[in-house]
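# Architecture at a glance
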Amino acid sequence: MAAPAIGPGTDPKNAAPGVTTPPRRRGTELVMLGFAVLITVAAQTIVDITITGSPSPEIATFSAWFTGIWLVAHLVVRRFAPYADPLLLPCVAVLTGLGLAMIHRLDIAANALGESVSSREDAPTQLLWATVGLVLFVAVLLVVRDHRALSRLAYTIGLVGLVLLAIPAVLPSALSEVNGAKIWIRVAGFSIQPGEFAKICLVIFFAAYLVDKRDVLALASRRVLGLEVPGPGTSARCWSPGACRSSCWSSSATWAARCCCSASSW
């Protein structure tokens, strides 16, 4: 049985002798989070000045809240996932911040046009949901201490993701359709998009799949439109969860199958 690969996101406590311990790079993550917060605050300020002529009074509260939640997330990662990729959290932060700036712009425009009787405040609500998301992120880090444990359930999690994608399509339009798009589940005034949870499931599945089959996928046997792809036999072994086990015991097993068996498929 082959030893698990050691990578930047893997805790190297049990690394084999001679294996170089990867750098933690938490300082790099903190610096990039600072840039993400700066970009977000600048975007919010630009929206206010462009539309209203001056920054809104709430910009200080927003800046403190936004900075605080990502600082907490960074400290949790530093403590419980010190070898995680330093790019992931800053990328999520800047995407979240730019999304909040866009929603803030729509709030100001809607209030200026008088589209609603009460003031429209979707951006603060979205910031609250972002905070809830980060709380769940922290909970996952505390519960799933070794992310490699999810690979044992990769195909089940992938199936759950596909089911979540399909649920709105089979529900009546009264329960799943909003503005012509059947991507929702609406019950008793509460609405949710199961596709958002399906994305997480599919990311987990494909991450585990690509790691498990990396050796087989590296064996290109033909070219299609200028791209090297595995042959039909190799592809069949890639998509069969138990195929590697059986082919390892066959005297005619190919080298590709033996590589697949060595990739933690026992």
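One can find the structure itself at the top, above this paragraph.
Here we summarise the structure given alongside this text. No experiment lies behind these values; they were computed from the predicted model shown.

With respect to the helices and strands, Ile-69 occurs in helix α2 (residues 59–80). For the pair Ile-69 and Leu-134, spaced 65 residues apart in sequence, the C-alpha separation works out to 7.4 Å. Excluding residues that lie within four positions of it along the chain, Ile-69 makes contacts with Leu-127, Thr-131 and Leu-134.

Burial of nonpolar side chains together is a common tendency in soluble globular proteins. Counting 20 residues, the largest nonpolar core has Phe-62, Phe-66, Trp-70, Leu-89 and Leu-127 as the members making the most contacts within it. For this core, the elements supplying multiple residues, two or more each, are α1 (26–52), α2, α3 (88–113) and α4 (122–143). In terms of residues, this core owes the most to one element, α2, which gives eight residues. Apart from residues no more than four positions distant in its own chain, Phe-66 is found in contact with Val-37, Thr-40, Ala-93, Thr-96, Gly-97, Leu-100 and Leu-127.

Let us look at α1. The end-to-end C-alpha distance of α1, which contains 27 residues, comes to 39 Å, matching closely the 39 Å that a straight helix rising 1.5 Å per residue would cover. Buried within α1 we find Arg-26, Glu-29, Leu-33, Ala-36, Val-37, Thr-40, Val-41, Ala-43, Gln-44, Val-47 and Asp-48.

Reading the values: the criteria
- Residues numbered from 1 in each chain as written.
- Predicted model: local features only at pLDDT ≥ 70, side-chain atom pairs only at ≥ 80, totals over all residues.
- Heavy atoms only, no water.
- Helix = DSSP H or I, 4+ residues; strand = E, 2+ residues; numbered from the N terminus.
- Contact = heavy atoms within 4.5 Å.
- Core = buried A, V, L, I, M, F, W, Y, C linked by side-chain atoms within 4.5 Å.
- Buried < 20%, exposed > 50% of the residue type's maximum accessible area, 1.4 Å probe, protein only.
- Expected span 1.5 Å × (residues − 1).

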